[in-house]
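Per-entry structural report
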Amino acid sequence: MKKFLNSINYIYSLVVESYLNKTIVLPENTVVIGDRAFESVSSIQNVYMGSGVTSIGTEAFSSCTNLKKVVCANETATIGKGAFQRCESLAYVSLSPQLEAVPQDAFYLCTGLETVSMPDGIPKICAGAFNGSGIKNINIPQSAKEIEASAFANCARLESIALPADMTCVSANCFSG
């Protein structure tokens, strides 16, 4: 895999699609992926975050229709609203144990989503996080105490979900539709 822009610390929006490879490996010194940085870039299929990536902006990868796999760095603490929404080919996501929450609409309408690796450490799943996704099975980490409204709404293929015994809040309509 070829490293992408080895000396960049912040990736702004409007990245030129023709420059990008199908697989992007963000280097260790990349810290922030800005809002809408890769929005609608259809050539991206795989994204591997370097250990320096601590923040992924709002809608940073939204509507990347051919994106199949995302591996977040263990240091990623924040992901913006709708960061991966409408990525219908997205099948696998590995989240960071440092993540403050799975954000609102993060994987909204990711109809191809099958596997989400959600490690212990994530405390909350926000409203609509997986709404309309193709997720079939999910294990909510023991650290999660709250699932907000519609987090798993309209997940027609959802067969099973494992919740922690000490979950404190499962909001209304969390699994509706």
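Residues numbered from 1 in each chain as written. Predicted model: local features only at pLDDT ≥ 70, side-chain atom pairs only at ≥ 80, totals over all residues. Heavy atoms only, no water.

Description of a nonpolar patch on the surface
Together, Leu163, Val170 and Phe175 line one region of the surface with nonpolar side chains, adding up to about 230 Å² of accessible area. Of note, Phe175 is situated in the segment after strand 14 (169-170). For Phe175, a relative accessible area of 36% puts it in the partly exposed group. (Patch = residues over 30% accessible without salt bridge, like charges linked within 9 Å, V, L, I, M, F, W, Y side chains within 5 Å. Areas by Shrake-Rupley, 256 points an atom, 1.4 Å probe, with all protein chains shown as cover. Salt bridge = Lys/Arg side-chain N within 4 Å of Asp/Glu carboxyl O. Helix = DSSP H or I, 4+ residues; strand = E, 2+ residues; numbered from the N terminus. Buried < 20%, exposed > 50% of the residue type's maximum accessible area, 1.4 Å probe, protein only.)

Examining the pattern of salt bridges
This structure, assessed with the given rule, holds three salt bridges. Two residues, Glu59 and Arg36, come together in a salt bridge whose shortest N-O distance is 3.3 Å. Of this pair, Glu59 sits in the loop between strand 5 (55-56) and strand 6 (69-71) while Arg36 is found in the loop between strand 3 (32-33) and strand 4 (46-48), placing the two residues 23 residues apart along the sequence. Glu148 is the salt-bridge partner of Lys124, the closest N and O atoms lying 3.2 Å from each other. Linking Lys124 in strand 10 (residues 124-125) with Glu148 in the loop between strand 12 (146-147) and strand 13 (160-162), this pair joins segments that are 24 residues apart in sequence.

Considering the sheet that holds strand 12
Here three strands make up an open sheet; going across it, the order is 10-12-14 and the pairing parallel. Each edge of the open sheet carries a strand with a single partner, namely strand 10 and strand 14. In terms of strand pairing, strand 10 meets strand 12 through two bridges, oriented parallel. Bridge pairing in strand 12 links Lys124 to Glu146. (Pairing = 2+ DSSP bridges.)

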